[in-house]
Amino acid sequence: MRRFALRLAVAGLPLLFGASASLASEVELPSTMAWTAYGTNSSGYAQVVAIGNMLQSQYGTAVRILPGDNDVSRMTPLKTGRVDLCACGIASYYGAEGVLMFADRDWGPQPIRLITTSKASFGLSIAVAGDLGVETPADLRGKRVAYIRGDDALNKGTEAYLAFGGLTWDDVERVDFPGYARSFDGIIAGNVDASFTTSVTPPAQQLASSPRGISWPVLDPNDAEGWERMRSVAPYFQPHQVTAGAGGVSADNPVPSASYPYPIVIGNETLDDDVAYSLIKAMQEKFDSYKDSAPGANGYALENQNLKWVIPFHEGVVRYYQETGVWNDDLQAHQDYLVRRQNLIVEAWDEFIDDAPSDNDAFTQAWMNARAGALNSAGMDLIFE
């Protein structure tokens, strides 16, 4: 009887450990979470609302959304710990690299980690008033182009499109706006001609419905020199056949253009591993419940995730991908490289900041020199100079 009982106990061990493993992999989210996102009329905000509704209905987690018109207003609450996550744009990449708006004494390189991204049928492009006859970026010469104060991501996107056409800001009339949505009000009112956006965003739809209409500059996928110029400004852009967008863009009427993930959902490195794991698990397992609830939300599907991109994943997310079997040694090596790169930049910042110049312009230049020195010594690409 004792031997029989022992055999039963041993036989039950796999079940016991299997149950423990299962429990360890359950979705366990806090009762409330706070996110920042683009403004209330953006596709990014609409997607966070859709995700928040899913988390509330499926897991009882209430999501509070703080909209922000520019990168500063979106990233500051994440930096200060006021929010858990940011549904950001490409400025999150600038933060990881410590460049542009982050090459500032109040910022510096941000220890952020990637949770997930959306990349679907939409594109990221310059929306142009349809009454101007603009067909390619080169046609923007002499036109009035929006510049969004405090939003390096949107302005860098505009600069990249101009570069594709062989142009710079000096070749257009720059018109400054305090926020993204205001620039589209300006196009409709006739005060400016173009502004950077996603092809599915509500302001683009509003412009398309206005008397001016909308057009999207075509990027020839075979224009090697144009793509080289664009990537020299913004290396994260990739050719993309846009099949969803304002102005009749569809699978039957696509536009050869460019894209990168938007939104890019990030958290700080210090975000609890179990929260990061549970969030990506919830977003993948309950994908069908929110994928059609907002324009672009279907971009969070697993097959749309670039697991070898430019920002390191959160360790909780890596755990989920390992568990599902999509992670491999090559992806881990890339992840390790990105973490080493970010740690190197953060260490360079820590060594630099105490004796940094007081003048703002001198500060930025000195930091970029210190950053370049650290990356060069490690044999890593500068990307930004």
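Refer to the structure above for everything that follows.
What comes next concerns the included structure. Please read all numbers here as calculations on a predicted model, not as lab measurements. Think of each chain on its own: its residues are numbered from 1, step by step along the sequence as written. Per-residue local features are limited, in this predicted model, to residues with pLDDT of at least 70; the limit for side-chain atom pairs, both in listing and counting, is 80 or more; totals at the level of whole chains, interfaces and linings are taken over all residues. For side-chain calculations, the full set of non-hydrogen atoms in the structure is used, while hydrogens and water are omitted.

### Notes on the overall build of the protein
The helix count covers DSSP runs of H or I at least four residues long, the strand count covers runs of E at least two residues long, and both are numbered beginning at the N terminus. Per the secondary structure count, the protein includes twelve helices and twelve strands. In terms of overall dimensions, the protein has C-alpha extents of about 90 × 55 × 40 Å along its principal axes. Only protein chains enter the calculation, and the probe is 1.4 Å; a residue is then buried if its accessible area is under 20% of its type maximum, exposed if over 50%, and partly exposed in between. Per-residue burial over the protein gives 52% buried out of 385 residues. Contact definition: two residues touch when any of their heavy atoms are within 4.5 Å. In the protein, the proportion of contacts linking residues at least 24 apart, taken out of those at least 6 apart, comes to 74%. To be clear on the numbers: accessible area is Shrake-Rupley with a 1.4 Å probe, and residue cover counts the displayed protein chains and nothing else. When the accessible surface of the protein is summed, it comes to about 16700 Å², and 48% of that surface belongs to carbon and sulfur atoms. In the protein, 28 positive and 47 negative side-chain charges are present, and the distance between their average locations comes to 6 Å. Note that His is not counted, nor are the chain ends; the positive residues are Lys and Arg, and the negative ones are Asp and Glu. Taken as the charge location is NZ of Lys, CZ of Arg, CG of Asp or CD of Glu.

### Description of the packing of aromatic side chains
Think of it this way: a Phe, Tyr or Trp ring, Trp meaning its six-membered ring, pairs with another when their centres are within 6.5 Å, and the plane angle makes it stacked under 30 degrees, edge-to-face over 60, tilted otherwise. Going through the model one piece at a time under the given rule, you end up with 30 aromatic pairs. Note on Y161 and F237: the rings are 6.0 Å apart at their centroids and 85° apart in plane angle, and the pair reads as edge-to-face. Of the two residues, Y161 is situated in helix α5 (residues 152–164) and F237 in the loop between α8 (224–233) and β10 (238–242); the sequence distance between them amounts to 76 residues. According to the relative accessible area criterion, Y161 is buried, its value standing at 0%.

### A closer look at the pairing of strand β6 (residues 144–148)
Across the five residues that make up β6, a large majority, four, are buried. Call a crossover right-handed when, viewed with both strands pointing away from you, the route from the first strand across the helix to the second goes clockwise. Read from β6 through α5 to strand β7 (residues 173–177), the crossover connection turns out right-handed.

### Quick notes on the state of the cysteines
Cysteine sulfur atoms are paired as a disulfide whenever they come within 2.5 Å of each other. A full pass over the atoms with the stated rule returns one disulfide. Here C86 is linked by a disulfide to C88, with a sulfur-sulfur distance of 1.8 Å. An S-S torsion of about 100° defines the bridge between C86 and C88 as right-handed. With respect to class, C86 is no different from C88; both count as buried.

### Here we look at a negative patch on the surface
Surface patches are drawn from residues lacking salt bridges whose relative accessible area is over 30%; two like charges belong together within 9 Å, two nonpolar side chains (Val, Leu, Ile, Met, Phe, Trp, Tyr) within 5 Å. When a carboxyl oxygen of Asp or Glu lies within 4 Å of a side-chain nitrogen of Lys or Arg, that pair is called a salt bridge. Together, E347, D350, E351, D354 and D355 make up a region of like negative charge exposed at the surface. Structurally, E351 can be placed in helix α11 (residues 329–353).

### Comments concerning the pattern of salt bridges
Summed over all chains, the structure comprises 16 salt bridges. For the salt bridge of D288 with K291, the shortest nitrogen-to-oxygen distance reads 3.5 Å. Residue classification places D288 among the exposed positions, given a relative accessible area of 60%. A relative accessible area of 28% means that K291 is categorised as partly exposed.

### Let's talk about the nonpolar core
Among the buried residues, those of types Ala, Val, Leu, Ile, Met, Phe, Trp, Tyr and Cys that are joined through side-chain atoms within 4.5 Å form a nonpolar core. If you look at the biggest cluster of nonpolar residues, it comprises 127 residues, and the most contacted ones within it are Y94 and F237. Residues in contact with F237, not counting those within four places in the same chain, are L124, G157, A160, Y161, F196, M230, R231, A258, S259 and Y260.

### Quick notes on the sheet that holds strand β1 (residues 32–37)
Spatial strand order, β2-β1-β3-β12-β4: five strands in an open sheet with mixed pairing. The sheet is open, and its two edges are formed by β2 (62–67) and β4 (112–117), each paired on a single side. Ignoring which end each strand starts from, the neighbouring axes of this sheet average 30° apart. In this structure, β4 lies alongside strand β12 (residues 264–268), joined through five bridges in antiparallel fashion. Bridge pairing in β12 links T116 to V265. Note on pairing: two strands pair once DSSP finds at least 2 bridges between them. Orientation is described by lines fitted to C-alpha atoms, with helices fitted over the stretch in contact, and by angles between N-to-C directions that extend from 0 to 180 degrees.

### Some thoughts on the side chain of H240
Within the secondary structure layout, H240 lies in strand β10. Setting aside its immediate chain neighbours within four residues, H240 contacts K119, A120, S121, F122, G123, V255, P256, S257, A258 and S259.

### Describing empty space enclosed by the protein
A pocket, in this scheme, is an open set of points on a 1 Å grid over the protein atoms alone with protein on both sides within 12 Å along at least 5 of 7 lines, while a cavity is a set where a 1.4 Å probe fits but cannot get out; residues line either one if an atom lies within 4 Å of a point. Grid points are joined across faces, edges and corners, and a volume is the space filled by probe spheres set on the points. Scanning the entire structure with this criterion turns up four cavities of 30 Å³ or more. Put simply, the largest cavity is a space of about 90 Å³. Contributing to the lining of the largest cavity are 13 residues, with Y38, L124, L154, T198 and Y262 lying nearest its centre. The set of elements that each furnish at least two residues to the lining of the largest cavity consists of α5 and β8 (194–198). At three residues, β8 tops the list of elements feeding residues into the lining of the largest cavity. Residues are grouped as follows: Ala, Val, Leu, Ile, Met, Phe, Trp, Tyr, Cys and Pro are nonpolar; Asp, Glu, Lys and Arg are charged; all remaining types, including Gly, are polar. Within the lining of the largest cavity, the residues separate by chemical class into nine nonpolar, four polar and no charged.

### Concerning unusual backbone geometry
Here Y262 and P263 are connected by a cis peptide whose omega angle stands at -10°. Positionally, P263 belongs in the loop between β11 (255–259) and β12. Phi at L100 takes a positive value of approximately 55°, unusual for a residue other than glycine. Within the element layout of this structure, L100 appears in the loop between α4 (91–97) and β4. Overall, L100 belongs to the partly exposed group, its relative accessible area being 32%. With phi around 65°, I383 is a residue other than glycine that occupies positive phi space.

Without other data, these values stay purely geometric and don't point to any function.
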